[in-house]
Amino acid sequence: MNMNDVCSLSLRHVGFGLKVDCMDEVKTIFEPRSVILVGSSMVQEKVGMASPQLFRSVTHNMKRFFRGKTFVLDIDGKNPNKGLNNLHEMPELAVIMLPPNQSIVQAEKCAKMGAKALVMITGGYKNAQRQQLLKLKEKYGVRILGPNTIMGVINVANGLNTTFEKDIMPVKGNIAVISQSGGVGACLLDWACFYRIGISKFAFVGDKIDIDDVDLLQYFGQDKNTKVICLYMEGVKNGRRLIEEARKIVKNKPILVLKGGVTHESAQRARSHTASIAGSDAVFDAAFKKAGIIRVGDIEELMNAAIVLSKQPPMRGDNVAVVSNVGGPAILTGDAVDRIGLKLATLSEKVKKKIESSYPGVDAANPVDVIADARADRYEKVLELVMDDKNVDGVLVINMLKSTFFEPKDAMVIQKVASKHPDKPIVDVPAGGEDFELVHRVMRNTNIPLYNLPEKAVKALKILRAYALVADRH
């Protein structure tokens, strides 16, 4: 059988009775050599995710993307013995997409036959049913993600994709995402795909009866393909363990967190949503700071922060230089720098004189307005001087298209200059809507983070500064 063979079986007709040692890690969730997809072509819940449509869609994505062995097990299939003779051993990972009672039955069969890990897609589990699943871990040593993961896992490197949104797959990168909510995770996934943000892995964790945030942090902390870890959480089972593990990881990799369930009302909703113990927000905030986890305020800020951390080095000081071809946005940027707790750098007299002698009419006071007729050559010269200035810790570039002579292709000079200064961060703001899209098409595959408003870019530099302090402290 080659790596892309897909067999249709019926678990109730398979009786290998295999058993493997319990895995204490979550590696199999992301790096299985083989996977069984367990669902039904007939079962349809009146209210719930279990359906033939979900089963077909997950199967479609796995057949299209996964480069390991995939076996499709329809418990109500017409040909339950098809391919049975080709299945010589139980696949390592089972993805189960049935209503709770049937999921538990099939999960036990998979665990008994030797599956190392289970991804439980569907939700609607009562506490007693969650306990039934947990007993499978105790009895067979199988690791469990979920239930209620909704979309399971993605590993861009090997094509593992248990989502039911057909044909969706982010581009390969170094950002890992852990989401306790299927909806929040789906929003982040959509964002990543639309803007071609490089992703290493996604994990939709759901109810976290077994594998939790800490298990996943441990895995991503050692994952060579992951540079930045994003976490959306509504609650945590073991706060002390989370702090201890995070403190080890942040020395080498930043951890970003978006916390749901901040207000009393939303905390109550979180308990019913993913069986979370949300707890006091002040306690969480203190724990994140102690652990070196960087907290963000919303979904967009989470992705913006992840992008800048994945592409640029930490900022080792507070001093920011602004280089812009328009005056007003540069002034607003200066205000934002001060408001967020950073400083406008005081450029050295030597740098200012070189800029002003090269381009009469340009005022080299920071922010530096290179004037609306600036093209690539002027940007390159000024950026080289500013990046070389020892008084500058990070640079924010504004390059608008409308009302200027600047063209999208000119923006590539920013990457050219940045490559000569790998230890000093630089971010770019082609402000607006259409201007942003035009420059993004040219720059999206570079290491220069792009933001459509200056205030977002300033926040990104603040994140780089925050991580520098975290890394130095830990």
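Residues numbered from 1 in each chain as written. Predicted model: local features only at pLDDT ≥ 70, side-chain atom pairs only at ≥ 80, totals over all residues. Heavy atoms only, no water.

**Student:** Please set out a positive patch on the surface residue by residue, giving values where relevant.
**Tutor:** A cluster of basic residues, R240, R247, K251, K290 and R473, forms a positive patch at the surface. Inspection of the secondary structure puts K290 in helix α9 (residues 281-291). (Patch = residues over 30% accessible without salt bridge, like charges linked within 9 Å, V, L, I, M, F, W, Y side chains within 5 Å. Areas by Shrake-Rupley, 256 points an atom, 1.4 Å probe, with all protein chains shown as cover. Salt bridge = Lys/Arg side-chain N within 4 Å of Asp/Glu carboxyl O. Lys, Arg positive; Asp, Glu negative; His and termini not counted. Charge placed at Lys NZ, Arg CZ, Asp CG, Glu CD. Helix = DSSP H or I, 4+ residues; strand = E, 2+ residues; numbered from the N terminus.)

**Student:** Lay out the confidence of the model for the protein in plain terms, naming residues and giving numbers.
**Tutor:** Considering every residue of the protein, the mean pLDDT works out to 90; 89% of them sit at 70 or more. Contacts for the low-pLDDT stretch residues 1-24, under 50 throughout, to residues beyond four places or in other chains number 70 contacts. Under a pLDDT of 50 for its full length, residues 273-277 has, in the predicted model, 21 contacts with residues more than four places off or in other chains. (pLDDT = per-residue confidence, 0-100. Contact = heavy atoms within 4.5 Å.)

**Student:** Tell me what's going on with the packing of aromatic side chains, and back it up with residues and numbers.
**Tutor:** All told, the structure shown has nine aromatic pairs when counted by the stated rule. A ring pair is formed by W191 and Y195, whose centres lie 6.4 Å apart and whose planes are at 40°; its orientation type is tilted. Taking the centre distance of 5.1 Å and the plane angle of 70° together, the rings of Y379 and F406 count as edge-to-face. Here F406 lies in the loop between β17 (394-398) and α14 (412-418) and Y379 lies in helix α13 (residues 376-388), a separation of 27 residues in the sequence. One exposure class covers both Y379 and F406, and it is buried. One aromatic cluster is present, built from ring pairs that chain together W191, F194, Y195 and F436. The aromatic ring of F284 is capped on one face by K259, whose charged end is 4.5 Å from the ring centroid. (Phe/Tyr/Trp six-rings, centres within 6.5 Å; stacked < 30°, edge-to-face > 60°. Buried < 20%, exposed > 50% of the residue type's maximum accessible area, 1.4 Å probe, protein only. Lys NZ or Arg CZ within 6 Å of the ring centre and 35° of its normal.)

**Student:** Please set out the pattern of salt bridges residue by residue, giving values where relevant.
**Tutor:** If you walk through the whole model with that rule in mind, you get 27 salt bridges. With a closest N to O distance of 3.1 Å, E92 and R33 form a salt bridge. Note that E92 is positioned in the loop between β3 (69-74) and β4 (93-96) and R33 in the loop between α1 (27-30) and β2 (34-39), a separation of 59 residues in sequence. Its relative accessible area of 10% is what places E92 among the buried residues. Residue R33 is classed as exposed on the basis of its relative accessible area, which comes to 57%. Ionic pairing is found between R64 and D167, a salt bridge with its closest N-O pair at 2.7 Å. Of the two residues, R64 sits in helix α2 (residues 52-65) while D167 sits in the loop between β8 (160-161) and β9 (172-179), which places them 103 residues apart along the sequence. Its relative accessible area of 40% is what places D167 among the partly exposed residues. Each of K137, R143, D210, D212, D215 and R241 takes part in a single network of salt bridges with overlapping partners.

**Student:** Run through the environment of G394, naming residues and quoting values.
**Tutor:** Along the polypeptide, G394 turns up in strand β17. When its relative accessible area of 0% is taken as the criterion, G394 is described as buried. Separated by 31 residues in sequence, G394 and P425 have C-alpha atoms that sit 5.0 Å apart. The residues touching G394, leaving out its near neighbours within four places in the chain, are M315, N319, V320, A321, K424 and P425.

**Student:** Give a description of the packing of helix α11 (residues 327-340) against helix α16 (residues 454-473) that names residues and reports values.
**Tutor:** Contact geometry for α11 and α16: axes closest at 9 Å, N-to-C directions at 35°. Two packed elements cross with a definite hand, and for α11 against α16 that hand is right-handed. Residues P329, L332, T333, A336, V337, R339 and I340 of α11 form the contact with α16, whose participating residues are P454, E455, V458, K459 and K462. Classifying every residue of the contact of α11 with α16 gives seven nonpolar, one polar and four charged. (Axes fitted to C-alpha atoms, helices over the stretch in contact; angles between N-to-C directions. Left-handed = near helix turned anticlockwise from the far one by under 90°. Nonpolar A, V, L, I, M, F, W, Y, C, P; charged D, E, K, R; others polar.)

**Student:** Please give an account of helix α7 (residues 239-249) that cites residues and values.
**Tutor:** Every buried residue of α7 is listed here: L242, I243, E245, A246 and I249. Considering only its buried residues, α7 is in contact with α6 (213-222), β11 (228-233), β12 (255-259) and α9. At the N-terminal boundary of α7, the capping side chain belongs to N238, with an oxygen 3.4 Å from the backbone nitrogen of R240. (Polar contact = N/O pair within 3.5 Å; in protein donor to acceptor, adjacent residues only side chain to side chain.)

**Student:** Account for the environment of I96, with residues named and values stated.
**Tutor:** With respect to the secondary-structure elements, I96 resides in strand β4. For I96, a relative accessible area of 0% translates into the label buried. Residues I96 and I36, spaced 60 residues apart in sequence, show a C-alpha to C-alpha distance of 8.3 Å. Apart from residues no more than four positions distant in its own chain, I96 is found in contact with V38, S103, Q106, A107, L118, V119, M120, I121 and T122.

**Student:** Explain the nonpolar core to me, using residue names and the numbers behind them.
**Tutor:** With 98 residues, the main nonpolar core has I29, L37, L216, L256 and L396 as its most contacted residues. If you tally residues by element for this core, the top one is α16, at nine residues. The contact partners of L216, leaving out residues within four places of it in the chain, are V26, F30, I178, A203, V205 and I211. By size, the runner-up hydrophobic cluster in this structure holds 34 residues, among which are V323, V395, F406 and V439. (Core = buried A, V, L, I, M, F, W, Y, C linked by side-chain atoms within 4.5 Å.)

**Student:** So, helix α3 (residues 100-113): which residues are in play, and what are the values?
**Tutor:** With 14 residues, α3 should reach 20 Å at 1.5 Å per residue; the first-to-last C-alpha distance of 20 Å fits that figure. Along α3, the residues classified as buried are P100, S103, I104, Q106, A107, C110, A111 and M113. Two residues or fewer past α3, G114 is found with a positive phi of approximately 120°. (Expected span 1.5 Å × (residues − 1).)

**Student:** For the sheet that holds β12, give the residues involved together with the corresponding values.
**Tutor:** Spatial strand order, β8-β7-β10-β9-β11-β12-β13: seven strands in an open sheet with mixed pairing. The sheet is open, and its two edges are formed by β8 and β13 (294-295), each paired on a single side. One ladder, built from five bridges, connects β9 with β11; its direction is parallel. Note that in β11 the partner of A176 across the bridge is I229. Each of β11, β12 and β13 touches α9; the most contacted strand, β12, lies at about 175° to it. Against the sheet, helix α10 (residues 299-311) makes contact with β9, β11 and β12, and its axis sits at roughly 180° relative to β12, the strand it touches most. (Pairing = 2+ DSSP bridges.)

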